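# Topology and contacts: notes
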Amino acid sequence: MRASSPLRRFATLLALVVTGFPVVQASVPAPALENGLARTPPMGFNNWNSTQCKADFNEAMIKGIADIFVAKGLKDAGYTYVNIDDCWALPSRNSSGNLVPDPARFPGGIKALADYVHAKGLKFGLYTSAGTKTCNKAGFPGGLGHEQQDANLFASWGVDYLKYDNCNNQGVDAQQRYTAMRDALAKSGRPIVYSICEWGQSKPWTWAAPVGNLWRTTGDISDKWSSMIGKAQANRGLAQYAGPGHWNDPDMLEVGNGGMTAAEYRTHFSLWAMMAAPLLIGSDLRKVSDDNFAILKNTDVIALDQDTLGKQATVLSANGGLVVYSKVLANGDRAVALSNETGATATIATTAAATGIGGAPSYTLKDLWSKATRTTTGAISASVPSHATVLYRVSKSSGGATRYEAESSTLSAGGTVDANHAGFSGTGFANGANAVGSYVEWNVTGPASSLTFGYANGTAAARPVDVSVDGVVVATGISFPATGAWTTWSAVSKAVSLASGQHTVRLTATTADGPANLDYLDVER
Ligand code: GLA
C-alpha cells in the first residue's frame, strides 16, 4: 500500500536525531492501487453515451446488453463489465439512509440485475458521485459523507465496478473525496474496480495511481469527430502515468452511436486501443449495425489495448495534424498508428528504428484493419485518408521466414478467401477455383532462398501446381499431396534464389481440381 506521510515524517525525524543531519529522501514513484484488479484496461459497456437519463435506460436494456455480449461474441472478445450510469436510483435515500433503485426503471432492483449479469459470466458496474448529488438534475444523492454505507450496499448487491463522478462536490479536495471511497471499497470486502471520474480537473494522473484503477483525463465525450479527437489529443501525452492496475481514461466509446463516419469510428477505436484506454462500449448494442460490431470485435486491435505489458502509446511525431503513435508490446512487437486529423488525404511516415524495435534486416507490417501483411526493411508509411488511421503491428522478420497469409494473396477468378475449415493461421485461407490455370499469387520481398506453402488437401488425389516467380515458371508439377482432411494442414517447400526487392510468386493449378487450399507463404532469407 501507500507510504503514509506521517510515517515518512517520522523516518525523517529519526534520521535527523540519529545522524544530526537531514537526509535527502529518494523520490519514490507513486505505487499503484494494489487491489489486484484491472491488470489490463477494463472492457465492457456503459449506457450513458446512448441513453443518458432517457426512459430507455432500464432493466430490459441492460439485460439485453448482457444477452448480446454472449450471443454476439463480445464476451469472447474480452468485453466483461456491464455498467450502468446516472439515474438508476430515486432522488432520496430511504429511512435507513440507503440509496433506493428507481422501481420504474429497475423493478427487480439492482441485486437481481447484477445476479442476471453474473449468471452470464459477466461483471456488473454501478455509478455514483463524490458529491452531495449526482450530475443529472433528476439524479440521486451522492456518496460524499456516505462512503462506507454506500460501498457496503454496493458490495452486498454484487457490484464489481464503481464509477465515481465529480458533481456537487462542495469544493472538497478531490484527493480527499476519492481516497475516502477507495478506503470504503477496500473495507467493503468485495473486489471492486474503482473508476475515478473527476474529468482531469486536478490532474489525477499525478496522484491517483494509488487511489483508483482508472481516472478520467478529460470532460465528457460526445458523438462527433471534434470531441473524440480532442479527447485523444488531451490524453495522448500522459503515457508515463498508465500501467497495469492504473489507467488514463479519455472517456467511453461512441462507436455505433451514428454521429461519426466509419473511418472516424475506426480511428476512435484504434487510438483508444493504442492509448491503453478502457474500452467501454457506449452504444445501444440492440441497434448497432454489423459494420460497427466488426469495429468493436476487431480482435487484433483489442489485443493492442489488452497487451499484458500495459504500456500506453507515445507520440513519435505530430506535424500539422498528421500524428504517429507507437506502442511497445509484451512480445517485443510495436503497434504503430498513422493518424490523419486533417481534412485531406496525406502520406504519413515513420521508421521501424523510430519505434525502438530496430536491429532486424526486415520487418513484417500487419495492417490490423485490412489484415494485409507486407515486409519492409524499415520504412513505415501509408497514404491515409482524412480522419482515418492506418494501424500496423510491426514485428521483426529477423532474417528468418516472413509469413504472407493467403488473406493477402491475389486469386484468379472464382477463387475465394474462406475460413470454414479450422486450423489455419491468420484469419483464413485461399480456396482457388477448381480449374486448370486457376492461381494464387503473393507479392513478397526478397532476398529469399526458399518458399514454403502451408496447405490442406482433403481429397484423395494430389493437387499439383506450377510455380512462377515474376511471371517465369521456376518449377513444374509441384505436388500438394492429400493431407487426410481439410482441417489437416501441412507444408511444401521449394528452394529458390530471389534477389532483394519485390517479387510476385504464383502457384498455377495444372489439374481440373485446382490448387489445394493455401494457408500462407513463408519466405526464408
Ligand atoms: C458526468 C460524467 C458522465 C456521466 C454523467 C452522468 O457528466 O462525466 O460520464 O456519468 O455525469 O450524469
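See above for the structure.
These notes cover the structure that comes with them. Owing to the predicted nature of the structure, the values given are computational and were not obtained by experimental measurement.

### Here's the deal with the overall build of the chain
Secondary structure assignment for the chain yields 10 helices and 25 strands. Considering only C-alpha atoms, the chain reaches an extent of 85 × 65 × 45 Å along its principal axes. Counting all 525 residues of the chain, 54% fall into the buried class. When contacts within the chain are restricted to residue pairs at least 6 apart in sequence, those whose partners lie at least 24 apart make up 71%. Carbon and sulfur atoms make up 54% of the accessible area of the chain, which totals about 20500 Å².

### Examining the nonpolar core
Phe69, Tyr79, Trp88, Phe269, Trp272 and Leu285 are the most contacted members of the largest nonpolar core, which totals 99 residues. By size, the runner-up hydrophobic cluster in this structure holds 26 residues, among which are Val444, Leu451, Leu507 and Leu521.

### Overview of the site of the ligand
Neighbouring the ligand are the residues Trp48, Asp85, Asp86, Tyr127, Cys135, Asn136, Lys163, Asp165, Cys197, Trp199, Arg216 and Asp220. In this structure, an oxygen atom belonging to the ligand sits 3.0 Å away from a side-chain N or O atom of Trp199. Its free accessible area being 300 Å², the ligand has 93% of it covered by the protein chains.

### So, the pairing of strand β11 (residues 334–340)
The buried count for β11 comes to seven of seven residues, which makes it a mostly enclosed element. Going residue by residue along β11, you find Arg334, Val336, Leu338 and Asn340 tucked away on one face and Ala335, Ala337 and Ser339 tucked away on the opposite face as well. Strand direction decides the pairing type here: strand β10 (residues 322–328) and β11, joined by seven bridges, are antiparallel. Following the sheet pairing, Lys327 is matched in β11 by Ala335. Here β10 hands over to β11 after five residues, with Gly332 in that stretch at a positive phi of 95°.

Parameters and conventions
Residues numbered from 1 in each chain as written. Predicted model: local features only at pLDDT ≥ 70, side-chain atom pairs only at ≥ 80, totals over all residues. Heavy atoms only, no water. Helix = DSSP H or I, 4+ residues; strand = E, 2+ residues; numbered from the N terminus. Buried < 20%, exposed > 50% of the residue type's maximum accessible area, 1.4 Å probe, protein only. Contact = heavy atoms within 4.5 Å. Areas by Shrake-Rupley, 256 points an atom, 1.4 Å probe, with all protein chains shown as cover. Core = buried A, V, L, I, M, F, W, Y, C linked by side-chain atoms within 4.5 Å. Near = heavy atom within 4 Å. Polar contact = N/O pair within 3.5 Å; in protein donor to acceptor, adjacent residues only side chain to side chain. Pairing = 2+ DSSP bridges.

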